[in-house]
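Chain and residue survey
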Amino acid sequence: ALAFARPALAAGGDLADLEPAIAEMIDERRVPSLSLAVIDGAAIATLAVGRSGRADGEAVTPRTLYQAASISKTAAAATVLAVAQTGVVDLDADVRSYLTRWRLPPSPLLDGGAPVSFRRLLGMTAGIGVPGFAGYGPGEAVPDLVQILDGAPPATSPPVTVVAPPGRQFLYSGGGYEIAEAALEDATRQSFATLFRGLVQAPCGLGDSLMEQPLPGSQAAAAAVGHLEDGTPLDGGARTMPELAAAGLWSTPRDLALLL
């Protein structure tokens, strides 16, 4: 879609001119809808094509919410940086000094002296495991943050532990972002959703974003439905992702462009 968009914008065109071609493209691939934003100099151009996948067959708009999945980590990193600017946390301090509800399991891999810091957690060089999370379907019990970190029921993901010496290598780690979430909440005594809303969402003008799982009823009724590769809608419309920092953001392409 972006390959279509950039030449059109460069030629002075409008994204709306691309709607027929993109509609044909997503139909061939059994993609119910596509929403995009293009940062064009100081402007943001948006286009939404297709249907939300709900029973009412409602057409998507640039304000239709989608799960941001791992792009949530960008919003989470911005939240950590905003708190660090206030001086409440130090990006290079050992996060174990901030954690109160949960403790990072001891490991000889920590004996080298390099701390598990916010900077390393955000850059995925802290040596933390658990790359990602699968979410929870309708009717399934949803774990809290400590249960997620412990890998304890009802969490279905493994425990978050140190798997490599901090500072030695890059390891993709959603688990590391959950440690950052817990440390930030403990240090500020505020929920991660509240911190994101006050320090990132409001200042950046992200009017269509929510760090909330599952979505409240009113917003859920207007959000795009998730689909499997064959085009089958997900039961319940979406998986619930309680791991907010790693994957909990609902947003729009325009809001993500504003954040960038």
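Above this text you will find the structure in question.
Residues numbered from 1 in each chain as written. Predicted model: local features only at pLDDT ≥ 70, side-chain atom pairs only at ≥ 80, totals over all residues. Heavy atoms only, no water.

**With respect to the overall build of the protein chain**
Check the secondary structure of the protein chain and you find 10 helices and five strands. Compactness check: the protein chain gives a C-alpha radius of gyration of 20 Å against a globular reference of 18 Å for 260 residues, within 12% of the reference. Its C-alpha atoms put the protein chain at 60 × 45 × 30 Å along the principal axes. Contacts spanning at least 24 positions in sequence make up 70% of the contacts within the protein chain whose residues lie at least 6 apart. (Helix = DSSP H or I, 4+ residues; strand = E, 2+ residues; numbered from the N terminus. Rg over C-alpha atoms; globule rule 2.2 N^0.38 Å. Contact = heavy atoms within 4.5 Å.)

**A look at the sheet that holds strand β3 (residues 66-67)**
Overall, antiparallel pairing links the three strands, which are arranged β3-β5-β4 in an open sheet. Every other strand in the sheet has two partners, leaving β3 and β4 (210-211) as the edge strands with one partner each. Two strands pair when backbone bridges link them, and β3 and strand β5 (residues 249-251) are joined in this way by two bridges, in the antiparallel orientation. What sits directly across from Gln-67, in β5, is Trp-250. (Pairing = 2+ DSSP bridges.)

**Examining the nonpolar core**
With 50 residues, the main nonpolar core has Phe-118, Ile-128 and Ile-179 as its most contacted residues. Contributing elements (two or more residues each) for this core: α3 (72-85), α4 (118-123), α5 (145-150), α6 (174-188), α7 (192-204) and α9 (244-247). Setting aside chain neighbours within four positions, we find Ile-128 in contact with Leu-104, Val-116, Leu-121, Val-160, Thr-161, Val-162, Val-163, Leu-171, Ser-173, Gly-175, Gly-176 and Ile-179. Core analysis: the next-biggest nonpolar cluster, separate from the first, contains 11 residues, Leu-15, Ile-26, Ala-45 and Val-49 among them. (Core = buried A, V, L, I, M, F, W, Y, C linked by side-chain atoms within 4.5 Å. Buried < 20%, exposed > 50% of the residue type's maximum accessible area, 1.4 Å probe, protein only.)

**Regarding the packing of aromatic side chains**
For the coordinates displayed, the defined rule picks out one aromatic pair. Where Tyr-98 meets Phe-118, the ring centres are 5.8 Å apart and the plane angle is 40°; that geometry is what we call tilted. Within this pair, whereas Tyr-98 is found in the loop between α3 and α4, its partner Phe-118 is found in helix α4, the two being separated by 20 residues in sequence. The class for Tyr-98 is buried, based on a relative accessible area of 15%. For Phe-118, a relative accessible area of 0% gives the class buried. (Phe/Tyr/Trp six-rings, centres within 6.5 Å; stacked < 30°, edge-to-face > 60°.)

**Section: the pattern of salt bridges**
Per the counting criterion, the structure on display carries six salt bridges. We note a salt bridge from Asp-186 to Arg-101, for which the minimum N-O separation is 2.6 Å. Linking Asp-186 in helix α6 with Arg-101 in the loop between α3 and α4, this pair joins segments that are 85 residues apart in sequence. Judged by its relative accessible area of 42%, Arg-101 falls in the partly exposed class. The structure contains a network of salt bridges with shared partners spanning Arg-101, Glu-185 and Asp-186. (Salt bridge = Lys/Arg side-chain N within 4 Å of Asp/Glu carboxyl O.)

**Quick notes on unusual backbone geometry**
Each neighbour pair has its own omega, and for Pro-153 with Pro-154 the value is 10°, a cis peptide bond. At the junction of Gln-213 and Pro-214, the peptide bond is cis and its omega measures out at -10° in the coordinates. Despite not being glycine, Arg-30 shows a phi value in the positive range, around 60°. A positive phi angle is found at Met-124, which is not glycine, with a value near 60°. Counting through the fold element by element, Met-124 comes out in the loop between α4 and α5.

**Some remarks on the packing of α3 against α6**
The geometry of α3 relative to α6 is characterised by a closest axis approach of 11 Å and an angle of 35° between their N-to-C directions. In the packing of α3 onto α6, the handedness of the crossing is left-handed. Residues Lys-73, Ala-76, Ala-77, Thr-79, Val-80 and Val-83 of α3 lie in contact with α6, whose contacting residues are Gly-174, Tyr-177, Leu-184 and Thr-188. When its residues are assigned to classes, the contact of α3 with α6 shows six nonpolar, three polar and one charged. (Axes fitted to C-alpha atoms, helices over the stretch in contact; angles between N-to-C directions. Left-handed = near helix turned anticlockwise from the far one by under 90°. Nonpolar A, V, L, I, M, F, W, Y, C, P; charged D, E, K, R; others polar.)

From the geometry alone we can't say anything about function, so treat these as descriptive.
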